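Fold and contact review
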Amino acid sequence: MNIQEVLTIKVKEAIQELFSAELPNVEFQPTRKDFNGDITVVVFPMLRVVKGNPVQIGTQIGEYLKKEVPEVADFNVVKGFLNLVIADAFYINFFNSIKEEAHFGYAKKDSKEAVMVEYSSPNTNKPLHLGHIRNNLLGYSVAEILKAAGKKVYKTQIINDRGIHICKSMLAWQRFGNGETPESTGLKGDKLVGNYYVAFDKAYKAEVAELVTNGTAKEVAEKEAPILVAAQDMLRKWEAGDAEVVSLWKTMNQWVYTGFEVTYKNMGVDFDQLYYESNTYLLGKDVVTDGLEKGVFFKKEDGSVWIDLTDEGLDEKIVLRSDGTAVYMTQDIGTAIQRVKDYADVSGMVYTVGNEQDYHFKVLFLILKKLGFSWAENLFHLSYGMVDLPSGKMKSREGTVVDADDLMEDMAQTAAKISEELGKLEDYSSEEKDKLYRMIGMGALKYYILKVDPKKRILFNPEESVDFQGNTGPFIQYTYARIQSILRKAESTGVHVSTAVSVDIDLHEKEKELLKQVQIFPDTIQLAAENYSPAVIANYTYDLVKEFNSFYQNVSILGEQDEQKKIFRVQLSSKVSKVIQDAFSLLGVEVPERM
RNA sequence: GGUCGCAUAGCUCAGCUGGAUAGAGCAUCUGCCUUCUAAGCAGACGGUCGGAGGUUCGAAUCCUCCUGCGAUCACCA
């Protein structure tokens, strides 16, 4: 039982005893730093049950608690706030009880229910860019957070490997490629293919311009440009299974996959299961037929099938074309159902997709609910804002993107530059340095992106590099490294960290603050999971680290004369570093032994 | 036009189910490396929480309206 639960019972008891009244619940908040105390009971809400002066009521409750609850060492009342001072022994007991836990704060895997988290889901016609980085980091992190909160998680992505955009790259390569391959050019496969996507757009625009010059209306020219018609023709051939087209498609997609693999590895993300749109794009049609019988959908005269969502404040949405072919929505319905077939324990899904698709997912979830799937109640669209540049939106086909690989490389180089200037790692080999610089660079980038609320759009200015000081990933990594340094030194000087600490020691104010911050880690993980928010973890970790640094600068650890206190401080530091490491692992950020 | 989202210090962001004098970082300015890593610490400066009403003992937080920005409303995906 934690202190709040104990106090809740005792406060209710006090109200019963002192005022013969029934208190429905007790409201707590951490005591503000400028007041004396650790936890505060808010008296105002009690006025509904107990009539009187809040200060007097608070004082009476305080006296009762001080007498009846050993953990309450003292109290004071300010206006309607009853500030309680919790005894040091309580914190020390808490610390001793969690000290040996491998992953303090992680919930036990209790639920048999699994969640499938989808993220990344790239198109195979171009390399990944900064927008994909946000998507990947969010999806990966939310998956890790859900795991830590006790859920079983499957990470997945649906690879958009077919469609007109793919054919555009293919066609441009056929026309302008001269048989180039990743091997012959030394280019990463996704980069090579992406170049042809850009080349297609260039050629297409030139053709449109030419048609317009010759008197064709712009709208007509945009539809009839020969290269576009050729791409559409290629898509039809692909759908018909044309051997030559399919072979080219396979070859070029493989180039892209090989390239993506490198990017994912550098980003530090992974997947448990892959879905390919080329396998799933025909799914969902039979479900529509079922739904039609059930009356969930209706058919229009031209044969197209729709759902009427006007009762929900939305409009009508098509689920099957008049020619009987599937649309985007049909596929997504089919794919969702397929996933539950593949993984029977899946009882919920998270879709990490940009906020321009808010409407689509709203509709998709509604349809699945109307079709009566129990798991449809647990669908969540992890919607995030766009990453824009000062020059505006990123557009792959116009080449105005911040490339994922380039950005990660830049981050590592910035980290290298700063590290070299500080010059603390002269004895590291170049391999060790390189590994460390990547870790720090990625730490900066990941933290920078994950610390902000997913809903907010990010304006990314490549000119102003991502920070390495203050509320940043490297700041937190640095603190971790610093603690490791202390631990190494402690070990070499023979401090016995396994010894239990006596409850009799007096806690320094900084130690107490640190313990309070450690204590809320489990709740923080649950909160982050409930809100699907890595930002909650990021901000928690920052607060913890700030607290530790303050402790570190104000209190001597290894220089402490009292052996008990010294051991306790080393143990506390060790535990804090473990929490930092675990919290950062939920963000997909690694921590270094030195930096 | 309808719907959804966002708006907090010069800049970038926190602020949990309504609670005390709204918090960090960056930038600017002061101090602190002969003691455990100064990517740090301690401090100063900086706010009509977009605007107006309302609910409440109490509103950045909840409700209504308005303004600004973004997204979306395809037999594209």
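None of the values given here were measured: they were computed from a predicted structure. (Residues numbered from 1 in each chain as written. Chains lettered and ligands numbered in written order. Predicted model: local features only at pLDDT ≥ 70, side-chain atom pairs only at ≥ 80, totals over all residues. Heavy atoms only, no water.)

**Considerations on the protein's contact with RNA strand B**
- Taken together, 64 residues lie near RNA strand B, and Asp302, Arg321, Lys424, Tyr478 and Tyr552 sit nearest.
- Taking the atoms of RNA strand B that fall within 4 Å of the protein, sugar and phosphate contribute 61% of them.
- Residue Asp315 places a side-chain N or O atom 3.1 Å away from a sugar or linking oxygen belonging to RNA strand B.
- For the surface near RNA strand B, a count of residues per class yields 26 nonpolar, 18 polar and 20 charged. (Near = heavy atom within 4 Å. Polar contact = N/O pair within 3.5 Å; in protein donor to acceptor, adjacent residues only side chain to side chain. Nonpolar A, V, L, I, M, F, W, Y, C, P; charged D, E, K, R; others polar.)

**Let's talk about the domain arrangement of chain A**
- On domain assignment, one finds that chain A holds domain 1 (3-86), domain 2 (163-278) and domain 3 (404-587).
- One C-alpha centre belongs to domain 1, the other to domain 2, and the line joining them spans 68 Å. (Domains from an automatic or database assignment.)

**Digging into the sheet that holds strand β12 (residues 379-384)**
- Read across the sheet, five strands follow the order β7-β6-β5-β11-β12 without closing on themselves; strand pairing throughout is parallel. Every interior strand has two partners, whereas the edge strands, β7 (273-276) and β12, have only one. Ignoring which end each strand starts from, the neighbouring axes of this sheet average 25 degrees apart.
- With five bridges connecting them, strand β5 (residues 114-118) and strand β6 (residues 152-159) associate as parallel partners. Counted as the bridge partner of Val115 is Val153 from β6.
- Against the sheet, helix α14 (residues 358-370) touches β11 (346-354) and β12, its axis set at about 180 degrees to β12. (Pairing = 2+ DSSP bridges. Helix = DSSP H or I, 4+ residues; strand = E, 2+ residues; numbered from the N terminus. Axes fitted to C-alpha atoms, helices over the stretch in contact; angles between N-to-C directions. Contact = heavy atoms within 4.5 Å.)

**Focus on the layout of surface pockets**
- Roughly 1,200 Å³ of internal volume is contained in the largest pocket.
- Lining the largest pocket are 40 residues; nearest its centre among them are Asn123, Lys126, His132, Glu356 and Gln357.
- Of all the secondary structure elements, the ones that give two or more residues to the lining of the largest pocket are α4 (130-148), α13 (328-342), β11 and β13 (387-388).
- It is α13 that contributes the most residues to the lining of the largest pocket, six residues altogether. (1 Å grid on protein atoms, 1.4 Å probe; cavity = no way out; pocket = protein on both sides within 12 Å on 5 of 7 lines; lining within 4 Å. Points joined across faces, edges and corners; volume = space filled by probe spheres on them.)

**Digging into empty space enclosed by the protein**
- For the structure shown, the criterion picks out two cavities of 30 Å³ or more.
- In this structure, the largest cavity encloses a volume near 40 Å³.
- Taken together, the elements giving at least two residues each to the lining of the largest cavity come down to α15 (404-422) and α16 (430-450).
- Of the residues that constitute the lining of the largest cavity, the class distribution is two nonpolar, two polar and four charged.
- When its volume is computed, the second largest cavity comes out at roughly 30 Å³.
- Surrounding the second largest cavity, Asp161, Arg162, Gly163, Ile166, Cys167, Met170, Trp238 and Trp249 form its lining.
- Per element, the largest residue contribution to the lining of the second largest cavity is three residues, and it comes from helix α5 (residues 164-176).
- Per-class residue counts for the lining of the second largest cavity are five nonpolar, one polar and two charged.

**Regarding the side chain of Lys155**
- Tracing the chain through its elements places Lys155 in strand β6.
- The residues touching Lys155, leaving out its near neighbours within four places in the chain, are Val117, Tyr119, Tyr140, Ala143, Glu144, Lys147, Asp270, Phe271, Asp272 and Gln273.

**As for the sheet that holds strand β10 (residues 316-320)**
- With antiparallel pairing, the three strands of this open sheet are ordered in space as β8-β9-β10. Every interior strand has two partners, whereas the edge strands, β8 (298-299) and β10, have only one.
- Alignment of strand β9 (residues 305-308) against β10, held across four bridges, turns out to be antiparallel. Bridge pairing in β10 places Ile307 opposite Lys317.

**Considering the packing of helix α20 (residues 534-554) against helix α21 (residues 563-587)**
- Interaxial distance between α20 and α21 falls to 10 Å at its minimum, and their mutual angle equals 155 degrees. In terms of orientation, α20 and α21 fall into the roughly antiparallel class. Considering the relative orientation of α20 and α21, their crossing is left-handed. Residues Pro534, Ile537, Ala538, Tyr540, Thr541, Leu544, Val545, Phe548 and Phe551 of α20 touch α21, and the partners they reach there are Arg569, Ser573, Val576, Val579, Ile580, Ala583, Phe584, Leu586 and Leu587.
- Here the residues of the contact of α20 with α21 are counted per class, giving 15 nonpolar, two polar and one charged. (Parallel < 35°, antiparallel > 145°, perpendicular 65-115°, else oblique. Left-handed = near helix turned anticlockwise from the far one by under 90°.)

**Structural notes on the pattern of salt bridges**
- Counted under the stated rule, the structure contains 33 salt bridges.
- A network of salt bridges, in which partner residues are shared, links Asp38, Asp88, Lys512, Glu513 and Lys516. (Salt bridge = Lys/Arg side-chain N within 4 Å of Asp/Glu carboxyl O.)

**Observations concerning the nonpolar core**
- Counting 150 residues, the largest nonpolar core has Ile61, Leu65, Leu84, Leu130, Ile133, Val576 and Ile580 as its most contacted members.
- Among the elements that make up this core, the one with the highest residue count is α21 (eleven residues).
- Ignoring sequence-local partners within four residues, the contact set of Ile61 consists of Val11, Ala14, Ile15, Leu18, Met46 and Leu82.
- Of all hydrophobic cores here, the second largest spans 37 residues; its members include Ala114, Val287, Val319 and Val340. (Core = buried A, V, L, I, M, F, W, Y, C linked by side-chain atoms within 4.5 Å. Buried < 20%, exposed > 50% of the residue type's maximum accessible area, 1.4 Å probe, protein only.)

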